[in-house]
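Geometric and topological summary
One-letter residues, chain by chain:
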Amino acid sequence: GLSIAPGRWQSSSVVLCFTIPSNHTKTSTLEISLNGGYDFSDSGAEILYEDGVALTGVTPARVISDEPNQVVTIAGYHFKPGGRHICHFGRSAETRAVYLTSSSLVCSVPRSKPGTVLLTITQEGLKSDAGIWFVYEQYQLALLSPSIGSSLGGTEVTVHSRTLEDTYMGGGCWFHTAYVPGRIVARNRLVCVSPQYLGKDKVVRVKVMLRREQGGDAYLNTSFVYSRPVRMDQVIPRVGSRSGGTAVLVVGSGFETSHVCLFGQVKAARTRLISSSALECITSASSVIGRVDVQISLDGSIDVSMMQLGFTYAPDATVESTNVGSIVYQDVLVLSGRHFQDSDSLTCRFGGTQSVHGLYQSSSLVRCSVPMLDAGVYAVGISNNGIDSGVSAAVVRYRHALQIFHVIPSKGPVSGGGKITIHGSGFPTKDSPNASCWIGTLSSPAVAQQSSQVTCRLPAHREPGIVDLHLQWAQEAGKSARARFEYIKAADIITVVPSVGSLQPRAQTVVTVIGSGFDAGMGLRCRFGTSNCTRSGVKWVTSSLIECLVPKPSSPGPVAVEVSNDGGREYSTNGHSYVYEEPPLVQGIFPGVITLGVSSQSTISVLGKHFKNVPSHTACLYGSSTVMEGYYISSTLVVCQTPRNVSGTVAVAVRTGWHGFVSGSGCLLSVRPASPLLLHPSFGPANGGTLVTMTGLHTILDATVDEPCCLFGQNASRGIWLSHSEVVCSAPARARDGVVAMHVLLTCGGGALLGAKPYQYLPDVHVIDIYPNRGTQNGRSSILITGTGFGGGRAMCKLGDLSSPEDGTRIISSTMIECVAPISEVTGPTRVRVSMDGGQSFSSDEVVFTYVANPTVLSLQPSIAYSHVVYALYVSSGRLLCSIPEQNPGMVRVAVTKDGLKALGDTSASAYLMYLDYEEGMFSRFTIWPTSGPSQGGSIVRVVGIKDSVNISTCLFGYQTVNVARYNNSIACVSPAHSPNATVDVTIALSPPSTLARVDFEQPASFKYYDDPVIDSAFSVGRPGKGVGYVSVRGTYLMADHSVCRYSFESGASKILPGTSQTSTKIVCVSPLAQLADSIWVAISVNHGVDFTSRSVRVTRYDGLTIQRIWPSAGRTNAGTMITILGEGFDAYSQRLDCWFGFRVSTPAIYSSSTLVKCVVPNLLPGTMSVSLGNEQGIANSNAQYTVTSRGRVHGVEPSSGPVTGGTALVLSVQVGTGVAASVLCRIGKSHVVQGHALSSSRVLCTTPAVETGGTVLIQAVARGQGSSMGMEGEVRFVYYEEP
């Protein structure tokens, strides 16, 4: 079947056709007719019928008119992913929809006036068949009662509005963003309970929804004021009179002037704000007795307190009787009555001024301790809270009691005569002629100075001891309570040591006072003339010996030294003198420079004034601790010996008498240390004649002393003085070789011994034969010399008058030496001689080496040969033609020899010849491993890139040739020795021909020689079996890019672990913590573990530092975060401490105390790493970890533009960083922040706010965590445009 639909002509190329409805998804052909359907076009276009979108619902179906940032979810079917969806609200308003599933979309709601509109969806330009009615509601003004409440919530709020006349069946309230259901209490009234609010704003918006019985909802808009809650900590007092009037102090926080106090439901008579933490509340009268709750209210009805405390209303305390009618100080008074409360503030009142704490017994009985009062009659009352006065109906009479509290001083001399003061209470207030002080059985007139103090004169007593003491006035006053007084012997001084001191005593100068009767009590004193010292200036040792600090005098001369046992009231009368005199003055020393000796000591003279001749007290102090005995010569001169154990420049001080050591400006002594005793040479031939020099002899004699004596064993030889410390002697002959003692004496007649060293007689040196016995003039030929007596340490060869190079002479055994022939300008035979003592004596054998003329190769033709060609030879005096033997492809050296002898390394008599192979092939290139090694050589260098079937004959390291070896089925060469810090080219040469590979000699490999590393010490940190520890290795030449550490254990096993070079003197190695309990040794390699140091050092445990925890334990990747490290043992390393993050990154630590340091975190990659502390000795073990978290990032936004009216739904593509919650805010421009809605872990939906003008703004995302927020990295652009 054909279906015909109307069309409309638009132009010669465009016709508008109306589609015909279809119930199926199918493809149809569209043809055009221009004559009313009689004739159609021959060709048609294919059109596809597909299911159109359909809407089934929208949530919510009602929104508030003109309210921004509202979103609805649309339900339906046939929504296509990736399609363009538009939400149409009525005819003019539309927003972009966000696809969720094939049955749901999300749209932001545009602002609109109140009313009902048709909501439709357009998908790819096709509109939905049907729409859904959508309602814009309008807010109406509402009233709240009350309109203020606590931020803790719980306030019942009644909502009503004069504009509402309908009957409602339910509803709810939104306080800011928190929704609470409400209940209908009248036809148009709703009650909601305010929720808790933790925001900063006090005034929040309240939205109210009411459901009509007739259908439909009503919306109200109003506001509510949240008052911050107050906290009550204490109510003082907690008990008060039911009559009111009690001043109650409420202590807490958050108090304001609008707050009032409620006691139960009764409002306080007056509330006064003292501060934000204190209120004063005056209680009102109460009709109830007992405990009530104390609350803080805003207006007397709204409670804003976080907690409730109690207050007790009680009847007034009434005192009816006492147990006695007359009281004295410290009596216990028992009060009987009614309504006594057991409270902390229970007090007893005496009159209107004095009060003491009362001891609760029962509601009708209280005990009180009587305070100190003036004599008289007092009304006695009880206050239950220490504030209210209560009701009193009892009186008592207070009288004084004679009591003694203490006596000052409590001790006195048996001779009496001093005054004592007696302190107490109840004393008459005026003098009485009948008053007396009784001390034991003796009485003394007393003077009453005050009601609590009396002074008496101490009578004499026949013997020391403790006696009773009391006071007595007239008969009616009676006796006082008894006290104790001690009679002691008077202090007696026998002598004072020292009795002489400086006029300017040093701090803490002490003299010893010897005598008897010294008391150890607090009254012990010393007096120098008129200068008293305090008790802290006297040290009691025994009853016969004390030590006193010497006070500074005002003038020189003697003063009397006296001792008191009673605090300075009475002093001894037989004092001895102490003389203040001028201190010694040091002006200089002579000589100022000395050289230490062995057999004798030097002396110096100290010049000055006021020196005293005190036996056994004259001495000199060198430096800070070396003391030498001195000799008094006069008041201006002292002589002292110099010590043997000091060196350098030291200060000199002198002591004469009791003044201690004193020094002066310029009193510095320069001590030159003794030179070490050396013997050179220390060996020589047994036939004698070797000149031997001994240096470092210690003598103070002049160098002109004649002929010192040198003893070589038992043989003497006269020597010659070269200087004060140097002698030269000729070694005498000896019958046999061996070691003897060489002594230097002052004279051969038995003078003092000046020095001794061992000297070795060598056997006679004889040369038997040499090989070869001929060589060229160029020298450098290696000569093997056989003979006897090659036992010295300094071998030397001579060919005629020419000496062999020292580095070319080598002792092979006691019968063979290898020498290198020196260069000679002439040819012919020359005599070969050998010395074993550095050239002082030579062998005398007639062995000859012959120098011959040098052959010279000027050219080699041809320089390339092939393995299957043989050339003829022709020989003449100026040209040599050599036939070429068969060889495999490669490089060979052609050398010219004369008589079969060739100089070692003589390049002038040689040239190189290259053998090539006919077969074609690629030249191979080679590399070596390792590419570096120690300067001493010996590294096994593997040749990489050459097939095993290719035979390599030699390797050249620069100009040094070494043979090839097979090492672990690979080709290798052993590096020769070379100077350090140099790079040489490594080339190789092939032996027999190979068609499999060729070597490119134009591409040599490089080999670097480094200084031989040396290690001195190693420190281990970390605990066995716990985490990763480290070993800090110290030494020299340790800087390298590839460090390896090898550990050796007692069991013989070994382990190789990685290391890191920190400096040229330090490598940090990973520690084998599991084996730390054993003794381990470590060696290091700086070339990938090929060559290790020849010396291994023992690893020392190091646990000097302990880390307990760090704070904070997490941070971002950017540097600058300051962390605090808590632990122990930081004080010993306060000068240098580093914070290590992981194994390779460190920053300097900031020392605060022995248990706390701080560190700045460097730039780190995200992740968790260990945090340690360390210094040049090692790194401390730590289980502390620091986590580095990354910030999130914004990748894109869709769509990238929208109208200035806002409401555009944006989808941000984000990557949430580690450690950040997935709650995200969107910052649009500089002033707008909206809440984002997570669509997935990487997509966030935000709705654009309205702006005044169009333009481009930046959109950023802010990730919110618990208690913090952080901006993500990256930003995207969004364009606001004006709506057409």
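Residues numbered from 1 in each chain as written. Predicted model: local features only at pLDDT ≥ 70, side-chain atom pairs only at ≥ 80, totals over all residues. Heavy atoms only, no water.

What to know about the overall build of the protein
To be explicit about the condition: Strands here mean DSSP runs of E at least two residues long; helices mean DSSP runs of H or I at least four residues long; both are numbered from the N terminus. Whether a residue is buried, partly exposed or exposed follows from its accessible area with a 1.4 Å probe, protein chains only, as a fraction of its type maximum: under 20%, in between, or over 50%, in that order. We call two residues in contact when some of their heavy atoms are within 4.5 Å. Reported accessibility uses the Shrake-Rupley method at a 1.4 Å probe radius. Residues are deemed covered only where the shown protein chains occlude them.
In terms of regular secondary structure, the protein is built from 0 helices and 124 strands. Classification of the 1284 residues of the protein by burial places 42% in the buried group. Within the protein, contacts between residues at least 6 apart in sequence are counted, and of these 59% link residues at least 24 apart. For the protein, the exposed area adds up to about 66500 Å²; of that, 51% sits on carbon and sulfur atoms.

Looking at the pairing of strand S110 (residues 1145–1153)
Where a strand is regular, its side chains alternate between the two sheet faces. The following threshold applies: Two strands are counted as paired when DSSP detects at least two bridges linking them.
Bridge count for strand S109 (residues 1138–1141) against S110 is 4 bridges, and the pairing is antiparallel. Paired with Phe-1141 across the strands is Val-1145, a residue of S110. As defined by bridge partners, S110 adjoins strand S111 (residues 1156–1160) across 4 bridges and the pair is classed as antiparallel. Following the sheet pairing, Tyr-1151 is matched in S111 by Val-1157.

Considerations on the side chain of Ser-108
Note that Ser-108 resides in strand S10 (residues 104–109). Take Ser-108: its relative accessible area is 1%, and that puts it in the buried class. For Ser-108, the contacting residues outside a window of four places in its chain are Gln-70, Val-71, Phe-89, Thr-95, Gly-1207, Thr-1208, Ala-1209 and Thr-1247.

Some remarks on the sheet that holds strand S83 (residues 816–820)
To be explicit about the condition: Structural elements are reduced to axes, namely lines fitted to C-alpha atoms, with helices fitted over the stretch in contact, and the angle between N-to-C directions of any two is expressed from 0 to 180 degrees.
Across the sheet, which stays open at both edges, the 4 strands sit in the order S77-S79-S83-S82 with antiparallel pairing between neighbours. In this open sheet, the two strands that pair with only one neighbour each are strand S77 (766–771) and strand S82 (810–813). Averaged over all pairs of adjacent strands, the angle between their axes in this sheet comes to 30 degrees, without regard to strand direction. In the sheet, S82 pairs with S83 via 3 bridges, with the strands oriented antiparallel. Of the residues in S83, the one forming a bridge with Arg-810 is Glu-818.

Some details on the pairing of strand S66 (residues 648–655)
Note that strand S63 (residues 619–622) and S66 share 4 bridges and pair antiparallel. Residue Leu-621 lies in a different strand from S66, and its bridge partner there is Ala-653. Both S66 and strand S67 (residues 668–672) contribute to a ladder of 4 bridges, which runs antiparallel. From the neighbouring strand, Ala-651 faces S67, where its bridge partner is Leu-668.

Observations regarding a nonpolar patch on the surface
Put simply, the rule is: Residues qualify for a patch when their relative accessible area is over 30% and they have no salt bridge, like charges being joined within 9 Å and the nonpolar side chains of Val, Leu, Ile, Met, Phe, Trp and Tyr within 5 Å. What counts as a salt bridge is simple: a side-chain nitrogen of Lys or Arg found within 4 Å of a carboxyl oxygen of Asp or Glu.
Among the surface-exposed residues, Leu-152, Met-306 and Met-307 lie close enough to one another that they form a single nonpolar patch of about 260 Å² accessible area. Residue placement: Leu-152 occurs in the loop between strand S16 (148–150) and strand S17 (156–160).

Here's the deal with empty space enclosed by the protein
So the rule is basically this: As defined here, a cavity is a set of points on a 1 Å grid over the protein atoms alone where a 1.4 Å probe fits but cannot get out. A pocket is an open set with protein on both sides within 12 Å along at least five of seven lines, and residues line them when an atom is within 4 Å of a point. Grid points are joined across faces, edges and corners, and a volume is the space filled by probe spheres set on the points. Three classes are used: nonpolar for Ala, Val, Leu, Ile, Met, Phe, Trp, Tyr, Cys and Pro, charged for Asp, Glu, Lys and Arg, and polar for all others, with Gly counted as polar.
According to the stated counting rule, one finds 4 cavities of 30 Å³ or more in the structure shown. Of the voids in this model, the largest cavity is the one considered here, and its volume is about 70 Å³. Those elements that provide at least two residues to the lining of the largest cavity are strand S25 (239–241) and strand S40 (376–383). The greatest single-element share of the lining of the largest cavity, amounting to 3 residues, is contributed by S25. Across the lining of the largest cavity, the residue classes break down as 5 nonpolar, 6 polar and 2 charged.

Section: the state of the cysteines
Spelled out, the test is: Pairs of cysteine sulfur atoms within 2.5 Å are identified as disulfides in what follows.
Applying the stated rule across the entire model yields 13 disulfides. Disulfide pairing is shown between Cys-87 and Cys-107; the S-S distance is 1.6 Å. Here Cys-87, found in strand S8 (residues 85–89), pairs with Cys-107, found in strand S10; they are 20 residues apart in sequence, far enough to count as distant. An identical accessibility class is assigned to Cys-87 and Cys-107; each is buried. Residue Cys-797 pairs covalently with Cys-819 via a disulfide, S to S 1.7 Å.

Observations concerning the packing of aromatic side chains
This is how the line gets drawn: Any two of the Phe, Tyr and Trp rings considered here, Trp counted by its six-membered ring, make a pair once their centres fall within 6.5 Å; the pair's planes then place it as stacked at under 30 degrees, edge-to-face at over 60, or tilted in between. For a lysine, the NZ atom is tested; for an arginine, the CZ atom; a charge sits over a ring if that atom is within 6 Å of the ring centre and within 35 degrees of the ring normal.
If you walk through the whole model with that rule in mind, you get 18 aromatic pairs. For the ring pair Phe-175 and Phe-224, a centre distance of 5.5 Å and an interplane angle of 90 degrees mean the geometry is edge-to-face. Taken together, the positions of Phe-175 in strand S18 (residues 168–175) and Phe-224 in strand S23 (residues 217–227) put the pair 49 residues apart, joining distant regions of the chain. We classify Phe-175 as buried; its relative accessible area is 3%. Residue class for Phe-224 comes out buried when judged on its relative accessible area of 0%. With 5.2 Å between their ring centres and 85 degrees between their planes, Phe-1278 and Tyr-1280 make a pair best called edge-to-face. Judged by relative accessible area, which is 0%, Phe-1278 ranks as buried. For Tyr-1280, a relative accessible area of 4% translates into the label buried. These aromatic residues form a ring-pair network of at least three members: Phe-175, Tyr-197, Phe-224 and Tyr-226. One cation-aromatic arrangement involves Arg-833 over Phe-842; the distance from NZ or CZ to the ring centre is 5.1 Å.

Some words on the environment of Arg-367
Note that Arg-367 resides in strand S39 (residues 365–369). Owing to a relative accessible area of 36%, Arg-367 belongs among the partly exposed residues under this scheme. Remark: the alpha-carbon pair of Arg-367 and Val-332, spanning 35 residues in sequence, is separated by 6.6 Å. Excluding anything up to four places from it in sequence, Arg-367 contacts Val-332, Leu-333, Val-334, Cys-348, Gly-358, Leu-359 and Gln-361.

A word on the environment of Gly-386
Checked against the element boundaries, Gly-386 lands in the loop between S40 and strand S41 (391–392). With 40 residues separating them in the primary sequence, Gly-386 and Leu-346 have C-alpha atoms 5.9 Å apart.

A closer look at the pattern of salt bridges
Scanning the model with the defined rule gives 12 salt bridges in all. Arg-527 serves as the salt-bridge partner of Glu-562, at 2.6 Å between the closest nitrogen and oxygen. With Glu-562 in strand S58 (residues 557–564) and Arg-527 in strand S54 (residues 525–528), the pair connects residues that are 35 residues apart, well separated along the chain. Looking at Glu-562, the relative accessible area reads 15%, which means it is buried.

A closer look at the sheet that holds strand S31 (residues 290–297)
With mixed pairing, the 5 strands of this open sheet are ordered in space as S25-S32-S31-S27-S28. Across the chains shown, the open sheet's two edge strands, defined by having one partner strand only, are S25 and strand S28 (266–267). The sheet contact formed by S25 and strand S32 (residues 309–314) spans 3 bridges and is parallel. Across the sheet, residue Val-239 finds its bridge partner in S32, namely Thr-312.

Considering the side chain of Thr-1248
As for its position among the elements, Thr-1248 is in the loop between strand S121 (1243–1247) and strand S122 (1255–1264). Residue classification places Thr-1248 among the buried residues on the basis of a relative accessible area of 1%. Sequence-distant contacts of Thr-1248, that is, excluding residues within four places in its chain, are made with Asn-69, Gly-1206, Gly-1207, Thr-1208, Leu-1210, Ile-1228, Phe-1278 and Tyr-1280.

Remarks on unusual backbone geometry
With omega at -10 degrees, the peptide bond leading from His-680 into Pro-681 counts as cis. Tracing the backbone shows Pro-681 in the loop between strand S68 (678–680) and strand S69 (683–685). Trp-1111 connects to Pro-1112 through a cis peptide bond whose omega is -5 degrees. Within the element layout of this structure, Pro-1112 appears in the loop between strand S106 (1106–1111) and strand S107 (1114–1116). Located in the positive-phi region is Tyr-1037, a residue other than glycine, with phi close to 55 degrees. Mapped onto the secondary structure, Tyr-1037 falls in the loop between strand S100 (1026–1036) and strand S101 (1043–1049). A relative accessible area of 46% means that Tyr-1037 is categorised as partly exposed.

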